[in-house]
Structure formats: structure tokens, C-alpha cells
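Working through the structure, step by step
Here's the letter readout for the chains.
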Amino acid sequence: MSTPTHDPHSGDRPDRGTGTANQGTDPTNPSPASAKGSAATADANSAKPANPATVDMDEPPAGGSFARYFLRKLGGAATSMVLVIVLGFFAFRMLPGDPVLKIAKERPMSPAQIAELRSQYGLDKPVIVQFWDYLVGIVTGDLGESYVYRKSVSALIGEYLGPTLLLTATAAVIAIVLGLWLGQISAWRRNTLFDKLASSTSLIFWSVPTFWLGLILLMIFGGTLQWLPTGGMITPGLDPWSPAGIIDVIKHLILPVISLVAVVYAQFLMIMRASLLEEMNEDYLTTARAKGLTEDEVRRRHAVPNALLPTVTVVFLHIGGLIAGAVTVEAVFSWPGLGKLTFEAIRGPDLPLLQGTFVVFSAIIIVMNLAADIVYRFLDPRVRRA
């Protein structure tokens, strides 16, 4: 049996497996192979996905651009608007009553005159032809002529839109400020007497119909006490831009604004309170307190900004809803806005005016929904990563 012999020069022979000489473990003389291996390892490491802990989570992922998000939401809003336009035509055709016959009751008219009036309004055409004329009018901005006012619907909407915006904008600002402020105070002082009073009062107002509250206020402050005007926007004969006229408009605003604010602020309060209560047990608030911040600073600088995120959508939705909900309030207080105009159109029925106000109200709500989606994306990084 032969025994293996040790070759003292074996360390200098080339390595058959790698085809390179074994250079030992001297770190000062790295071999070309080891350099290539290090480069390959570096390339492999750079190709690996980054550690999630080192990624800025506030930035949207690749491909999640604002333009794509905006176009997707805009497409949804456009689809909703098309459905509203279609519904606005066919739904009002189902209302009982014939506008031509109602006009004929107001003054004696022969059958020939009734037929002529029906032809003038285009009601003698097939429904599909009326629908096509309606679509062409929507695109061109010609919403037709009102049966009752004998004026262009577009001109009427432009005339009555200003008072509605004045009423709803005033109510929206007051409701947002009051509701969010009381909501955060109520949540921060939960289970106290203030919290119980604020929560119970808001629940009562939330459940009250707006028109019913308006009637109660009208009877008490306008009828029994006679402190405030009972209807209209300004006393006849006053210049609305004079100091006396401005004060008179403010007096006329008080009751309808209170009717709108009392219901809407309650919703903002309850939503803000619930949202802030969810944030109050988070670890970042404990960290803020540990840094020496006062409770007021912790609430204002940390808790409230995060609790506002879910409230933003509700605020925008209710701004649009305020304008649509002004129909009953304007009817109760005879406020010369789109709501009163819509109420009078229903009594007709004034089909062109009904269709025009319905499209305008719906468009405002759709635009507010779109604005809520856009603003929420900027406020919440989770939406940007979705």
C-alpha cells in the first residue's frame, strides 16, 4: 500500500477548480477573483429591495402619480354627472300634473290655444326628441325657458345663486368652526360634564329636521317675540350695499343660518370627537408628553391634526349638502335662493327649472366630493400609497 507524500510546493500550484493561484489569506493582496466576487456581491445587494424601514412612507410608490389619481377620480365624477343628467330628465317626467293644463286653469284657453302652448314648450314631441334637445341644451348652457317665470332658466339660476351661496357659506363657516372646536374639547375632556352636555345636545340637534327647527325659530323669535324678521333677504326699499342695508341683511340671515348650523355643527362635533378619541391612546402622544409638552400643546400640535383626517371628507360632503339642504330652509324663511326657486318649480311642475336646479345642486355635490378626495390625498400618506 502506497502512502501519500506531501509536496512542499503544492501551495504554489494553480487551483484546478478556479484556474487561479492560491494567494493565501493576505488581506493586503486580494486576488482578482475575490475583487470580482466583491463587485458581484455589491451588485446583488444593490439589486435587492430597500429595507422598508429606510423608505420614506410619505412618498407615493412608483407609478402612483397625482395625475393618474386625479384622472381616476375625475372619471368617476364625470360618470356620476352623466347619470345625474339622465336621471334629471326622466325622473321629473314622472311627476303628477301637466304644466300646460295648470297654466290653462289660470286663464280661459281654448283647446287650440292649449295645443299651441304645448307645441311652444316642446311637450308635443316624442320623449326621445325632448331628451336629445335637453342634452344639447346642457352642453350649450341653454337650460330652456321657465314655464312660470317666462325667463331663461340659466338666467334665473344665476340670479338666485348669490343669496344661496351667502346663506350656505355663512352657515358652513360657523358650523365647521363651532363643531370642530367643541368636538376636540369634548373628546379631550371625555366623561366630564362638558362632554356629556355637548354630546347630548349635538345628538338632539342632529336628529331634528331642519325645516321643523326653522318653523320653531320662526314662531318664537319672529312671531311671539318679534325680535327678528320672518322672511325675505332685505326689507324692501333698502339699498343692500348701504350700512343700514347690510345690517338688515344680517338680521334676515340669523334665523335661517341658525336652522342650518344647529343640525350640521352637531355632525361635525360627533365625528371630530370620535376621531380624536381614537388618537388619544396612540404612542406618539405619550412620546410628546415625555418631551415635556403641555396637554394643550399635545392636543393642538399632535392629536388634533391627525384626528382631522377623517373629518375633512365629511366637511366637504356637508358643504355640498348644505346647498342642497337649503331647499327647505329657504322655503320656510322665503329666502330668495335656489332652494325657494326649486320649491316653486315643484309646485308647477316647471320641468325646465326643475331640471336646471337639480343639475346645479348635483354638480355642486359632485365637485365637493372630488375636492374631498383630492385634499384627503395630500393630508393622508396612506391614500398616496394606495
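Residues numbered from 1 in each chain as written. Predicted model: local features only at pLDDT ≥ 70, side-chain atom pairs only at ≥ 80, totals over all residues. Heavy atoms only, no water.

Further remarks concern the overall build of the protein. The helix and strand tally for the protein stands at 14 helices and zero strands. By residue count, 35% of the 386 residues in the protein fall in the buried class. In the protein, the share of contacts with a sequence separation of at least 24, taken over all contacts with a separation of at least 6, comes to 72%. Split by element, the accessible area of the protein, about 22600 Å² in all, is 65% carbon and sulfur. (Helix = DSSP H or I, 4+ residues; strand = E, 2+ residues; numbered from the N terminus. Buried < 20%, exposed > 50% of the residue type's maximum accessible area, 1.4 Å probe, protein only. Contact = heavy atoms within 4.5 Å. Areas by Shrake-Rupley, 256 points an atom, 1.4 Å probe, with all protein chains shown as cover.)

Turning next to helix 2 (residues 66–90). Here helix 2 contains 25 residues, and its C-alpha end-to-end distance of 37 Å stays within 8% of the 36 Å for a straight helix at 1.5 Å per residue. When helix 2 is considered as a whole, its buried residues turn out to be Tyr 69, Ala 77, Met 81, Val 84, Ile 85, Gly 88 and Phe 89. (Expected span 1.5 Å × (residues − 1).)

Another aspect to go through is the UniProt feature "transmembrane region" (unreviewed entry) in the protein. Mapped onto this numbering, the UniProt entry gives "transmembrane region" (unreviewed entry) at residues 74–92, 160–182, 203–229, 249–271, 307–333 and 353–376. Structurally, residues 249–271 comprises 100% helix and 0% strand, and the distance from its first C-alpha atom to its last is 32 Å. Helix makes up 100% of residues 353–376 and strand 0%, whereas the separation of the span's terminal C-alpha atoms amounts to 35 Å. (UniProt positions renumbered as here; feature names shortened; annotations may be inferred.)

Looking now at the packing of aromatic side chains. In this structure the tally under the stated criterion is eight aromatic pairs. Following the ring pairs from residue to residue traces out a cluster consisting of Phe 89, Phe 90, Phe 131 and Tyr 134. It is Arg 189 that lies over the ring of Phe 194; its NZ or CZ is 5.9 Å from the centre. (Phe/Tyr/Trp six-rings, centres within 6.5 Å; stacked < 30°, edge-to-face > 60°. Lys NZ or Arg CZ within 6 Å of the ring centre and 35° of its normal.)

Before going further, it helps to spend a moment on the environment of Asp 248. Summarising the element assignment, Asp 248 is placed in helix 9 (residues 243–279). Spatially, the C-alpha atom of Asp 248 lies 8.2 Å from that of Met 233, the residues being 15 residues apart in sequence. The residues touching Asp 248, leaving out its near neighbours within four places in the chain, are Met 233, Ile 234, Thr 235 and Leu 238.

Another point: the pattern of salt bridges. As enumerated under the stated definition, the model contains five salt bridges in all. Between Glu 159 and Lys 151 there is a salt bridge, with the nearest N and O atoms lying 3.1 Å from each other. Using a relative accessible area of 45% as the deciding quantity, one classes Glu 159 as partly exposed. On the basis of relative accessible area, Lys 151 is assigned to the partly exposed category, the value being 35%. (Salt bridge = Lys/Arg side-chain N within 4 Å of Asp/Glu carboxyl O.)

With respect to the secondary-structure elements, Ser 259 resides in helix 9. Classification of Ser 259 by relative accessible area gives buried; the value is 0%. Once residues lying within four places of it in the same chain are set aside, the contact partners of Ser 259 are Thr 210, Leu 213, Gly 214, Leu 217, Val 329 and Phe 333.

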